[in-house]
Amino acid sequence: MLNIVIFGPPGAGKGTQAKKLVDKFNLIHLSTGDLLRSEVAAGTELGIEAKKIMDQGLLVSDEIVIGMISNKLDSNPDAEGFIFDGFPRTVAQAEALDSLLSGKNTSINQMLALQVDDEELISRLLKRAETEGRSDDADESIIRNRIQEYNNKTAPLADYYQGQGKFSAIQGTGSIDDIFDKLTEAIEQIAL
Ligand code: B4P
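Residues numbered from 1 in each chain as written. Predicted model: local features only at pLDDT ≥ 70, side-chain atom pairs only at ≥ 80, totals over all residues. Heavy atoms only, no water.

Trainee: Would you take a moment to explain a negative patch on the surface for this structure?
Mentor: Taken together, D178, D181, E185 and E188 make up a surface patch of like negative charges. Secondary-structure assignment places D181 in helix α9 (residues 176-191). (Patch = residues over 30% accessible without salt bridge, like charges linked within 9 Å, V, L, I, M, F, W, Y side chains within 5 Å. Areas by Shrake-Rupley, 256 points an atom, 1.4 Å probe, with all protein chains shown as cover. Salt bridge = Lys/Arg side-chain N within 4 Å of Asp/Glu carboxyl O. Lys, Arg positive; Asp, Glu negative; His and termini not counted. Charge placed at Lys NZ, Arg CZ, Asp CG, Glu CD. Helix = DSSP H or I, 4+ residues; strand = E, 2+ residues; numbered from the N terminus.)

Here it is, written out as structure tokens:
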């Protein structure tokens, strides 16, 4: 199996690149952001609670997102591999993921971390607000909260995967196709 974590701050291009990588490597795309937004759109109890948190730029509880990922792993028993997009976002989520995968006799192969500076992130997300209308993109102060949550709770995961010898940094600015080529090259090296 090939299991990749695509990593980076909000707006780094995780979702954009994950969609292209799943086609290329025949993986299942697991995005906790997309899963949460479908709960919001369906108006479930979980979605109503999650929306309040997401709209402040904060992280939803570990328990909720770990449960979602666990269900998705169980419902794809024949997958050739997974690309985890926006998950894990805390050390507790990373530990839970290691244990879920080891229960299935597999593990994460590599974290690919997209590097983009804050001003570029803010400009991308404000632009996306105009096209997609996501409420968590609409306001610069909420975007800054998301970046702060990332710096406080998510960025330390780089050390977690580096400690396991599974970390690659990838420049996340430039054209979407050029970044995709760099990610593809990194995955091909792992998969060899
Ligand atoms: P996510 O859905 O993961 O949102 P994101 O980080 O904003 O998205 P992403 O980084 O994928 O955006 P992309 O670059 O593709 O999370 C949203 C919220 O859900 C979180 O704030 C949190 O509340 C909650 N949540 C999700 N997972 C959670 C978890 N595990 N634990 C707790 N809470 C969780 O796209 C950004 C924009 O940039 C797009 O418009 C794209 O077109 C553009 N873009 C991409 N690449 C570009 C490039 N090279 N150049 C120019 N623009 C580019």
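Trainee: Help me out: how do you make sense of the packing of helix α4 (residues 62-74) against helix α5 (residues 91-102) in this one?
Mentor: A packed helix pair is summarised by two numbers, namely the angle formed by the two axes and the spacing between the axes. Packing of α4 against α5 brings their axes to within 10 Å, and their N-to-C directions diverge by 25 degrees. Considered as vectors, α4 and α5 are oriented roughly parallel to each other. Judged by the twist between their axes, the crossing of α4 over α5 is right-handed. Residues D62, V65, I66, I69, S70 and L73 of α4 touch α5, and the partners they reach there are A92, Q93, A96, L97, L100 and L101. Tallied by class, residues from the contact of α4 with α5 come to 9 nonpolar, 2 polar and 1 charged. (Axes fitted to C-alpha atoms, helices over the stretch in contact; angles between N-to-C directions. Parallel < 35°, antiparallel > 145°, perpendicular 65-115°, else oblique. Left-handed = near helix turned anticlockwise from the far one by under 90°. Contact = heavy atoms within 4.5 Å. Nonpolar A, V, L, I, M, F, W, Y, C, P; charged D, E, K, R; others polar.)

Trainee: Please explain unusual backbone geometry as it appears in this structure.
Mentor: Glycine aside, the phi torsion of most residues is negative, and most peptide linkages are trans. Along the chain, F87 connects to P88 via a cis peptide bond; the corresponding omega equals -5 degrees. Position of P88 among the secondary structure elements: in the loop between β3 (81-85) and α5. The residue N26 is not glycine, and still its phi comes out positive at about 60 degrees. With respect to the element layout, N26 can be found in the loop between α1 (14-25) and β2 (28-31). For N105, which is not glycine, the phi dihedral falls at a positive 55 degrees.

Trainee: Would you take a moment to explain the environment of L183 for this structure?
Mentor: Its location among the elements puts L183 in helix α9. Residue class for L183 comes out buried when judged on its relative accessible area of 0%. The sequence separation of L183 and A169 amounts to 14 residues, and the corresponding C-alpha distance is 9.6 Å. Non-local contacts of L183, meaning those with residues more than four positions away in its chain, are made with I6, Q17, L21, L112, L114 and I170. (Buried < 20%, exposed > 50% of the residue type's maximum accessible area, 1.4 Å probe, protein only.)

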